[in-house]
Protein chains: 2
Amino acid sequence: MGFRQRLDILREVLAAEGLDGLVVSRPENRYYLSGYTAEDYDLVESSGILFVGLRRALLATDGRYAEQALEEAQRCEVYVYGPGEGWLEEVLSNLDTKRLGFEALHLTYGRFLKISQALENMGSGGELAPTDNLIENLRAIKGAGEIEAIRASLALTERVMARLRGELSGGLTETDAARLVETLMREEGATRAAFPPIVASGTRSSQPHAGPTDSPIQEATPVVVDIGAKLNRYCSDMARTFYLGTPPDRFKRVYAAVREAQVAATGAVRPGVTGREVDSVTRGVLESRGFGEYFSHSTGHGVGLNVHEQPTLGPKSETVLAPGMVVTVEPGVYLPGEFGVRLENMVLVTEDRVETLNHLEDFYEY
Amino acid sequence: MGFRQRLDILREVLAAEGLDGLVVSRPENRYYLSGYTAEDYDLVESSGILFVGLRRALLATDGRYAEQALEEAQRCEVYVYGPGEGWLEEVLSNLDTKRLGFEALHLTYGRFLKISQALENMGSGGELAPTDNLIENLRAIKGAGEIEAIRASLALTERVMARLRGELSGGLTETDAARLVETLMREEGATRAAFPPIVASGTRSSQPHAGPTDSPIQEATPVVVDIGAKLNRYCSDMARTFYLGTPPDRFKRVYAAVREAQVAATGAVRPGVTGREVDSVTRGVLESRGFGEYFSHSTGHGVGLNVHEQPTLGPKSETVLAPGMVVTVEPGVYLPGEFGVRLENMVLVTEDRVETLNHLEDFYEY
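Residues numbered from 1 in each chain as written. Chains lettered and ligands numbered in written order. Predicted model: local features only at pLDDT ≥ 70, side-chain atom pairs only at ≥ 80, totals over all residues. Heavy atoms only, no water.

Focus: the domain arrangement of chain A
Residue and element names in this part refer to chain A.
Then step 1. Partitioning chain A into structural domains gives domain 1 (3–138) and domain 2 (142–356).
Then step 2. The C-alpha-based centres of domain 1 and domain 2 are spaced at 34 Å.
Then step 3. Tallying the contact residues gives ten residues for domain 1 and seven residues for domain 2.
Then step 4. In total, about 780 Å² of surface goes out of reach between domain 1 and domain 2, with carbon and sulfur atoms giving 45% of it.
Then step 5. Summed over the three residues of domain 1 that lose the most area to domain 2, namely Glu 28, Tyr 31 and Glu 39, the buried surface amounts to 47% of that side.
Then step 6. Our enumeration of links across domain 1 and domain 2 arrives at three residue pairs in polar contact (both at pLDDT 80 or more).
Then step 7. Of all the secondary structure elements, the ones that give two or more residues to the side of domain 1 that touches domain 2 are helix 2 (27–34) and helix 6 (134–140).
Then step 8. With three residues, helix 2 is the largest single contributor of residues to the side of domain 1 that touches domain 2. (Domains from an automatic or database assignment. Contact = heavy atoms within 4.5 Å. Buried area = accessible area lost by both parts, 1.4 Å probe. Polar contact = N/O pair within 3.5 Å; in protein donor to acceptor, adjacent residues only side chain to side chain. Helix = DSSP H or I, 4+ residues; strand = E, 2+ residues; numbered from the N terminus.)

Dropping the structure here:
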């Protein structure tokens, strides 16, 4: 799908919401609609804001990004602002909207205030309206090109996972292993890691988002490896749990429960079911095995331009799964002070069922 | 300075602003006050919010980060929230503030709304007040440990710059060179690059923030290399412009002007002058050489936990420089469609003057 078509679909969504424009500040949404690839330096520094109206789309940026914006955002008009005041009024009067949406989950309060003051200064009666996930919901259903990009990104991550596995027993520290992941990703052609690699060994594996430490990875312990790459702007995300040495029965029991939950939840994914329903399958298996209270996150999330995106497979998710959605299925059990196990695959919702996008068969059969 | 002392100083600042608490959502600020090192995935996904009151400091996070928060944020109480409602009310009633500040440049509108609704639900008359840069202004003045961390980060980047320079003539593409920078940084021990490396050759060097392309770096062209590392959480940032082959006179003239501007601006840095005054020195030199209109950004910015932070050395900056501030001095000239030159050092404002933190003497003398 081209950028023009995406803009047209968004305009239909806006009309249905009673809006005649949208301020797009989230970088991945900005790219999705315009093709402009600049990233934001950090959470506070923006490399541009896309203003979508019913007929016009203006990408406002500063001088540092002007050439890039003109080159990439072919379907948009590029407006280059300087350090002075008044540019927002100019952009907004070009847009001429009465009810302008903004991304409440992303726009900072400071930028919200500037835009609403500009509207007030103009005295044209235009108002701002918070919106949630309008573009994210469009992005949840991937086009053919996006699915190919995600497959390629995940295949790369699987190659890295396979190469890493061979290195884990050598007395590497967690930090070394995490760095190795990033080096291997680059070697395999990734733009970069989609998120800081998680390599959590021993008792630290009980922290779902543990940062790597300088502790050497010991023999006779589990290691949770959760990694993902970015390739051609699309993310991948997968996790495996390895045991270095001969696993004790308790590890085997936990692992078998997590794997069983993953297989069951994957089997529950299909068009028409809700995220909540898939999540309840995971929870049901883990509860029946006595580990229900040790599963502290959701079953899964969408993956695309962001590593975490719509839809969510969680206890509160009423999103109905539809063909073209790509989600993770990642049950985990975390026993505080003891150890944790997480297994994460990516799956594609197909016309009639589900396709597991992972091909690396590195699961233990306990 | 310890985390407790930083909290105490912040409380004095809050009192002076008529506030009795602060919602700290920006991750680097959260770390600066608490020691909690988790990063946010993006603006939409937070790994925790720090609520600072006059007596208590509560770090609220979800189950995935609970162990890490307890381990790292020793001076704070850790509050672990679940997916349900009501936790904000609980945290806020523990804090018991009447006028609670928040970071307007970082807090999203959505979170602002949730917090203000929670205050309303409580009916205790507490209100929210936007603040700008309260913690960033404290962070602008670095302690001895921070300065050491920045020196180490910059020394690492200089080693990478020196190693990269030797590779630039081999027909590498810009993308390959940028990847090489990240590999070399890891080899030298960096956590990661502080920002996507800029390697802009030929006419692309006229874009201050050009992303690397798959074009091979040609002989007989300039190459702007702008790179920085993150090491022990502190950033570095430097740029050099190399010419591959024998430079034409026009390049020499531009380069000499930029270097002259850099030397003059560095000489102007000292305690008591404003950011604006330093910036005007840069602009004065470039204007006198006929390139004033081709300098499209500010002279410099602070560097620390963020790669761009307070203070700014720009046309509108009234910040008075003080000992302990670390800033870049980075004039540039960008001739559209032709080429660009940027030279960037980091300097430390000392008790009586300035110390250039860079030691790599890779400047041309034209």
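Digging into the interface of chain A and chain B
It is common to give the size of an interface as the accessible area that goes away when the parts come together.
Then step 1. Counting residues at the interface gives 43 residues for chain A and 45 residues for chain B.
Then step 2. Regarding the contact of chain A and chain B, the summed buried area is about 4200 Å², with carbon and sulfur atoms giving 54% of it.
Then step 3. Of the charged contacts, one joins B:Arg204 and A:Glu71 as a salt bridge, the two residues approaching to 3.7 Å between their closest N and O atoms.
Then step 4. Taken together, chain A and chain B are joined by 19 residue pairs in polar contact (both at pLDDT 80 or more).
Then step 5. Counting only elements with at least two residues in the side of chain A that touches chain B, the list comes to helix 3 (66–72), helix 5 (109–122) and helix 8 (174–187) of chain A. (Salt bridge = Lys/Arg side-chain N within 4 Å of Asp/Glu carboxyl O.)

Quick word on the packing of helix 1 (residues 3–16) of chain B against helix 2 (residues 27–34) of chain B
Residue and element names in this part refer to chain B.
Then step 1. One way to put it is that helix 1 packs onto helix 2 with a least axis distance of 7 Å and a crossing angle of 115°. Overall, the two elements helix 1 and helix 2 adopt an arrangement that is roughly perpendicular. In contact with Phe 3, Arg 6, Leu 7 and Leu 10 of helix 1, helix 2 contributes Tyr 31, Tyr 32, Leu 33 and Ser 34.
Then step 2. The residue inventory of the contact of helix 1 with helix 2, partitioned by class, reads six nonpolar, one polar and one charged. (Axes fitted to C-alpha atoms, helices over the stretch in contact; angles between N-to-C directions. Parallel < 35°, antiparallel > 145°, perpendicular 65-115°, else oblique. Nonpolar A, V, L, I, M, F, W, Y, C, P; charged D, E, K, R; others polar.)

Looking at helix 2 of chain A
Residue and element names in this part refer to chain A.
Then step 1. Along helix 2, eight of the eight residues are buried, which leaves the element largely enclosed by surrounding structure.
Then step 2. Buried residues of helix 2: Pro 27, Glu 28, Asn 29, Arg 30, Tyr 31, Tyr 32, Leu 33 and Ser 34, and no others.
Then step 3. Phi turns positive one or two residues past the end of helix 2, at Gly 35, with a value near 85°. (Buried < 20%, exposed > 50% of the residue type's maximum accessible area, 1.4 Å probe, protein only.)

Some points on the nonpolar core
One recurring pattern in soluble globular proteins: nonpolar side chains tend to sit buried together.
Then step 1. Core analysis: the largest hydrophobic core is formed by 79 residues, its most contacted members being A:Leu10, A:Leu33, A:Leu168, A:Met185, A:Val225, A:Val254 and A:Val341.
Then step 2. At eight residues, the largest contribution of residues to this core is made by helix 7 (residues 144–165) of chain A.
Then step 3. Among the domains, domain 1 (3–138) and domain 2 (142–356) of chain A are the pair contributing at least three residues each to this core.
Then step 4. Those residues in contact with A:Val341 that sit more than four places away from it in its chain are A:Val224, A:Thr241, A:Phe251, A:Val254, A:Tyr255, A:Val258, A:Pro331, A:Gly332, A:Val333 and A:Tyr334.
Then step 5. Counting 77 residues, the second-largest nonpolar core is a separate cluster that includes B:Val181, B:Leu184, B:Tyr234 and B:Phe339. (Core = buried A, V, L, I, M, F, W, Y, C linked by side-chain atoms within 4.5 Å.)

Brief notes about empty space enclosed by the protein
Residue and element names in this part refer to chain B.
Then step 1. Per the stated rule, a full pass over the model turns up three cavities of 30 Å³ or more.
Then step 2. In this model, the largest cavity occupies a volume close to 50 Å³.
Then step 3. Every residue lining the largest cavity is listed: Arg 26, Glu 103, Ala 104, Leu 105, His 106, Thr 131, Asp 132, Asn 133 and Glu 136.
Then step 4. For the lining of the largest cavity, the per-class residue count stands at two nonpolar, three polar and four charged. (1 Å grid on protein atoms, 1.4 Å probe; cavity = no way out; pocket = protein on both sides within 12 Å on 5 of 7 lines; lining within 4 Å. Points joined across faces, edges and corners; volume = space filled by probe spheres on them.)

Comments concerning the relation of the copies chain A and chain B
Then step 1. For the pair chain A and chain B, the relating rotation is 180°, the translation along its axis is 0.0 Å, and the fit reaches an RMSD of 0.1 Å. Put plainly, the chains are arranged around a two-fold axis. Relative to the rotation axis, the closest C-alpha in chain A is found at A:Thr108, a distance of 1.9 Å. (Least-squares fit on C-alpha atoms with pLDDT ≥ 70 in both.)

Observations regarding the side chain of B:Asp40
Then step 1. Within the secondary structure, B:Asp40 is located in the loop between helix 2 and strand 2 (49–53).
Then step 2. A distance of 3.0 Å separates a polar atom in the side chain of B:Asp40 from a polar atom in the side chain of B:Arg30.
Then step 3. A polar contact is formed between the side chain of B:Asp40 and the backbone nitrogen of B:Ser47, at a distance of 3.0 Å.
Then step 4. Leaving out residues up to four positions away in the same chain, B:Asp40 has contacts with A:Leu43, B:Ser25, B:Pro27, B:Arg30, B:Glu45, B:Ser46 and B:Ser47.

What to know about the packing of aromatic side chains
Then step 1. Taken as a whole and assessed by the stated rule, the structure comprises 28 aromatic pairs over all chains.
Then step 2. Seen from their ring centres, B:Phe251 and B:Tyr255 are 5.8 Å apart, and the 40° between their planes marks the pair as tilted. Of this pair, B:Phe251 and B:Tyr255 both sit in helix 9 (residues 249–268), separated by four residues, roughly a single helical turn. Of the two residues examined, B:Phe251 and B:Tyr255, each falls in the buried class.
Then step 3. Ring geometry for B:Phe251 and B:Tyr366: centres 6.3 Å apart, planes at 80°, overall edge-to-face. With B:Phe251 in helix 9 and B:Tyr366 in the segment after strand 19 (354–356), this pair connects stretches of sequence that are 115 residues apart.
Then step 4. Classification of B:Phe251 as buried rests on a relative accessible area of 1%.
Then step 5. Following the ring pairs from residue to residue traces out a cluster consisting of A:Phe102, A:Tyr109, A:Phe112, B:Phe102, B:Tyr109 and B:Phe112.
Then step 6. When the ring centre of A:Phe363 is taken as origin, the NZ or CZ atom of A:Arg259, which lies over that ring, is 3.7 Å away. (Phe/Tyr/Trp six-rings, centres within 6.5 Å; stacked < 30°, edge-to-face > 60°. Lys NZ or Arg CZ within 6 Å of the ring centre and 35° of its normal.)

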